[in-house]
Amino acid sequence: MAYGDGDTSYQTAGEQAGVRALVDAFYDAMETLPEARTIRDMHPQDLTESRDKLARFLCGWLGGPKLFSEKYGPIRIPVAHRHLAIGPAERDAWLLCMQVAAEQQPWPDDFKQYLLEQLYVPAERSRNRSD
Ligand code: HEM
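Conventions used here
- Residues numbered from 1 in each chain as written.
- Predicted model: local features only at pLDDT ≥ 70, side-chain atom pairs only at ≥ 80, totals over all residues.
- Heavy atoms only, no water.
- Phe/Tyr/Trp six-rings, centres within 6.5 Å; stacked < 30°, edge-to-face > 60°.
- Buried < 20%, exposed > 50% of the residue type's maximum accessible area, 1.4 Å probe, protein only.
- Helix = DSSP H or I, 4+ residues; strand = E, 2+ residues; numbered from the N terminus.

Draft legend 1. Focus on the packing of aromatic side chains. In the structure shown here, the tally under the stated rule is eight aromatic pairs. Judged by centre distance (5.1 Å) and plane angle (75°), the ring pair of Trp107 and Phe111 falls under edge-to-face. For Trp107, a relative accessible area of 8% gives the class buried. Residues Phe111 and Tyr114 carry aromatic rings whose centres are separated by 6.4 Å and whose planes lie at 25° to one another, so their mutual orientation is stacked. Of this pair, Phe111 and Tyr114 both sit in helix 8 (residues 109-126), three residues apart, roughly one helical turn. The class for Phe111 is buried, based on a relative accessible area of 0%. Three or more aromatic residues link up through ring pairs in this structure, and these residues are Tyr3, Trp107, Phe111 and Tyr114.

Any functional reading would require information beyond the geometric quantities listed.
Here's what the structure looks like:
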């Protein structure tokens, strides 16, 4: 089975616990990387719910259970971000946090690379300005 088939990606990530570990490392990176200062400041002070939302979303996005809609209802990624000023710099800062977080996971290198390539798609769809 290739990544992207069925729930292969979700299984490779380590199911819900693996996805939550990724998201924790992602927000930890966002809190420390200077490049991520602008996007950190877009978030609430307390990141507890942000962590829960992103982790639940990614479980479904990776082919696992639809945990986001179960708790928070339907979501469309571009619409969820339209109140935020996201240009290429903000998109790239978000992806940098994901790259740093993925590097810390006990995953095969080809899965880390696959994940980063796939995440570019919703990150680019969240962009709503060109500078
Ligand atoms: C491109 C750069 C991105 C930036 C700067 C960004 C920033 C944010 C911010 C500030 C919030 C609000 C957080 C909160 O109120 O707790 C948010 C919500 C969210 N983001 Fe992003 N995000 C980006 C990309 C993405 C991507 C690529 C995904 C999914 C793969 C994603 C998934 C989510 C989800 C699921 C929510 C919760 C939406 C809701 O409250 O209904 N984001 N994002």
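Additional details are given in the paragraphs that follow.
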